[in-house]
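Summary of structural features
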Amino acid sequence: MGFEHILEWGKKIFCMAFEEFQNLWPTCWKEAEQLLHRVGYIDAKKYFICFDESHRCHYGIMSSENEMCHHCHQKGSITFYYLGLGPKINLWTSDPEMCKKMLSHWQEKEHWLEQENSEGWGFQCKKEIWDGKRFAELQWFWNPEKEWELPTKCVNCATVISAKDIETSPDICDSEERKLITCKSCHQTFQHIVQKTYGDPRNLAYIAHWDGFQPFDGKYNHGSGAIEVQIANMCKKDRQQNSEIYVVGFVPVYLLPDKRPVSLDPFLYPLISEIEDGFIDGITVNYAYSLPQLPAGIIKLRHILLCFTGDHPAICEVCKAIFCGKNPCRRCKCGSTLIPLTNHYYYGDYRKSARYPWPKRNLEDEIGTVKTIEEEERKTVAETMAKEAGFTGLSVLHRLHALYGFDYRKDCVFDNMHMVALGVIKNHFSFLLDNGIVDKKQIQERPNVTPWTAEFMSLRYPTQLSRIGFWKAEEFQKFAFPISEYVLGGLLPNNHFEAWECLVRIVEYMYCQGRSGWTVDSAAIFQEMVLRYNVLVEETQGLRSCHAVNHNLTHVHEDVLNFGAPDNYWCYNFERAVGRYVLISTNPRI
């Protein structure tokens, strides 16, 4: 079907409601493109990426086909289309209803704007993402009464110079408004005039997501991935709609080199650069909604990345963290034990660590080591160093640290959909079945006679255990709570049933009571449940059942305190969006 046929089809639908304007409908692609450009549409930015083996620690990203990689002087072999944030922001701000949604955080400003919120634990009931500590820490970004100094970029290498570094730089001619700055990356010295601005409630914050997927059901080696954003300023009820997930780029994963820590960096680079430029220089838009003392019209707003979410492997790619191994945790120095029989590391000793927690990692202490690993050209040496450090290099997200204090170890959150439903629940239940602790025949029919309510039956729910290999996250979650205690009751030994009941309470709070809001006390109680569960798993199932997902569960309460209830940043809606992308795929040769 040609584009003219699509235009004709669209015209028929349009004329059903606006027949008097049919003469305005475009007749060809050129006219359609001109119309789209008038309402803010801009073509995707095309990049060419080089991963030549001669520079395995670096990559080349070029904006034109004839531009050469400055590392190997060859053309880029991978094409990447970046769907920028700029056109999206212009469209969002041109719609009054959308503007109103994007000001949801301001409608509840008393939850995060007070000074005590930034110094304590955020709002007492953590339901929305702005109820967490991190939003309160960044309140200056939205507070119209707060003036703050803008960072800048090095004139030579474009490295961000933080406001703190600008402030501590020497004055020129005893003027506090003019500074002589020396870049820490290229050591170039340049003059800078201090720029300041005020916070604005209309400034934007994003939740970013990265995940890979197979668009052709695994029939072809054509793995892809999507980098997406959501608007964190919106309430979660609006934000969790599929229509509020915005793609900024599709990544041809099947073309990326294996075991290259920098393989994802050039695809995140345009997004990070646009956030840097938008934060420093601002984005001029025609805002269609007015607030008291902030009228509609031409304004300059700014934007930040609030947090990054994804499943465990995806976040490890973004953070350049080791997926498992000797030091698998990006937040603490947890202990590990190598079992020679399986040649895998496992993470136990929970009874001791419950009383004496593992020491926390500090970004500033390890930044030098991580940079050394990233620059190491010898592959085996770099792998040995990475195994000890737990990181293969410095994440491209670290560029945002100088901008407004983004810490990719804490601000990259744990996704409870993959960690709990497809990780802990699935692993635990599979252990019970595979080791004969529960008789599969005895429990085969119990889910079928469960009196499911209409609410549960309207979505996915577990029925036949024979199809457990095809269960999705929602089915594992609903099996754990509310029916597993009925299904497994009387069939498990007491010690195993005690461990399973502890998991049920974790799932119940996370997916039911916790949806209405968490408090500091409930987060602490949840953490005690997690520690108790991990102790029972280690003592009933053995060390080989203590996987990385079990340890990651001990950090859930940290994300709750920082970013509110887990349904603010879990991946259910992003996974539904992937289903939409797969339906678009038609030809594996493209």
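This is a predicted model, so every value here is computed, not measured.

1. Brief notes about the overall build of the protein chain
- The secondary structure content of the protein chain amounts to 25 helices and 18 strands.
- With respect to the three principal axes, the spread of C-alpha positions in the protein chain is 75 × 65 × 55 Å.
- With 590 residues in all, the protein chain has 53% of them scored as buried.
- Here the contacts in the protein chain between residues at least 6 apart in sequence split such that 66% fall between residues at least 24 apart.
- As displayed, the protein chain offers around 28400 Å² of accessible surface, 52% of which is attributable to carbon and sulfur atoms.
- Charged side chains of the protein chain number 64 positive and 75 negative; the gap between the two group centres comes to 4 Å.

2. Details of the sheet that holds strand 7 (residues 171-172)
- The strand order across the open sheet formed by three strands is 7-8-9, and the pairing between neighbours is antiparallel. Edge strands, defined here as strands with exactly one partner in the open sheet, are strand 7 and strand 9 (189-193).
- As paired strands, strand 8 (residues 175-182) and strand 9 are joined by five bridges and run antiparallel to one another. Considered in strand 9, the bridge of K179 is made with H192.

3. Some points on helix 22 (residues 520-541)
- A rise of 1.5 Å per residue sets the reference length of helix 22, with its 22 residues, at 32 Å; its end C-alpha atoms lie 31 Å apart and thus fit the reference within 8%.
- Positive phi appears at G542, one or two residues downstream of helix 22, with a value of about 100 degrees.

4. Some remarks on the side chain of H555
- Inspection of the secondary structure puts H555 in the loop between helix 23 (548-552) and helix 24 (556-563).
- Judged by relative accessible area, which is 2%, H555 ranks as buried.
- Filtering out sequence-adjacent residues up to four positions away, H555 remains in contact with C329, R331, C332, K360 and F414.

5. A word on the packing of helix 20 (residues 473-488) against helix 21 (residues 494-511)
- Viewed as axis vectors pointing N to C, helix 20 and helix 21 meet at an angle of 145 degrees, and their least axial separation amounts to 9 Å. Considering how the two elements wind past one another, helix 20 and helix 21 form a crossing that is left-handed. Taken together, the residues of helix 21 that come into contact with helix 20 (itself represented by Q477, F479, A480, F481, S484, E485 and L488) are F497, W500, E501, V504, R505, V507, E508 and Y511.
- Its residues assigned to classes, the contact of helix 20 with helix 21 shows nine nonpolar, two polar and four charged.

6. Let's talk about the packing of aromatic side chains
- Overall, the coordinates contain 32 aromatic pairs when judged by the stated rule.
- Ring plane angle 75 degrees and centroid distance 5.3 Å describe the contact between W112 and F135, whose orientation is recorded as edge-to-face. Pair noted here: W112 is in the loop between helix 5 (104-107) and helix 6 (115-119) and F135 is in helix 7 (residues 133-137), with a separation of 23 residues, a long-range link.
- Grouping aromatic residues by their ring pairs yields a cluster made of W106, W112, W130, F135, W140, F141, W142, W148, F279, Y404 and F406.
- A cation over a ring is seen here: R202 above Y287, with NZ or CZ 5.5 Å from the ring centre.
- Stacked on the ring of F414, the Lys or Arg R330 has its end atom at 4.4 Å from the ring centre.

7. Side note on the packing of helix 17 (residues 416-434) against helix 22
- Where helix 17 contacts helix 22, the axes come no closer than 13 Å and their chain directions differ by 25 degrees. The orientation of helix 17 with respect to helix 22, classified from their angle, is roughly parallel. Considering the relative orientation of helix 17 and helix 22, their crossing is left-handed. Across from V424, H428 and F431 in helix 17, the residues of helix 22 making contact are Y533, V537 and Q541.
- Counted by class, the contact of helix 17 with helix 22 contains four nonpolar, two polar and no charged residues.

8. A look at the nonpolar core
- By size, the foremost hydrophobic cluster in this structure holds 139 residues, and its most contacted members are L305, F308, F429 and W500.
- Residues in contact with L305, not counting those within four places in the same chain, are Y206, I207, A208, I275, L397, L400, Y404 and F406.

9. Some remarks on a nonpolar patch on the surface
- A cluster of nonpolar side chains, contributed by I6, W9, I13 and M16, occupies part of the molecular surface with about 480 Å² of accessible area.
- Among the structural elements, I6 can be located in helix 1 (residues 3-17).
- By relative accessible area, which is 38% here, I6 ends up partly exposed.

What counts and what doesn't
- Residues numbered from 1 in each chain as written.
- Predicted model: local features only at pLDDT ≥ 70, side-chain atom pairs only at ≥ 80, totals over all residues.
- Heavy atoms only, no water.
- Helix = DSSP H or I, 4+ residues; strand = E, 2+ residues; numbered from the N terminus.
- Buried < 20%, exposed > 50% of the residue type's maximum accessible area, 1.4 Å probe, protein only.
- Contact = heavy atoms within 4.5 Å.
- Areas by Shrake-Rupley, 256 points an atom, 1.4 Å probe, with all protein chains shown as cover.
- Lys, Arg positive; Asp, Glu negative; His and termini not counted.
- Charge placed at Lys NZ, Arg CZ, Asp CG, Glu CD.
- Pairing = 2+ DSSP bridges.
- Expected span 1.5 Å × (residues − 1).
- Axes fitted to C-alpha atoms, helices over the stretch in contact; angles between N-to-C directions.
- Left-handed = near helix turned anticlockwise from the far one by under 90°.
- Nonpolar A, V, L, I, M, F, W, Y, C, P; charged D, E, K, R; others polar.
- Phe/Tyr/Trp six-rings, centres within 6.5 Å; stacked < 30°, edge-to-face > 60°.
- Lys NZ or Arg CZ within 6 Å of the ring centre and 35° of its normal.
- Parallel < 35°, antiparallel > 145°, perpendicular 65-115°, else oblique.
- Core = buried A, V, L, I, M, F, W, Y, C linked by side-chain atoms within 4.5 Å.
- Patch = residues over 30% accessible without salt bridge, like charges linked within 9 Å, V, L, I, M, F, W, Y side chains within 5 Å.
- Salt bridge = Lys/Arg side-chain N within 4 Å of Asp/Glu carboxyl O.

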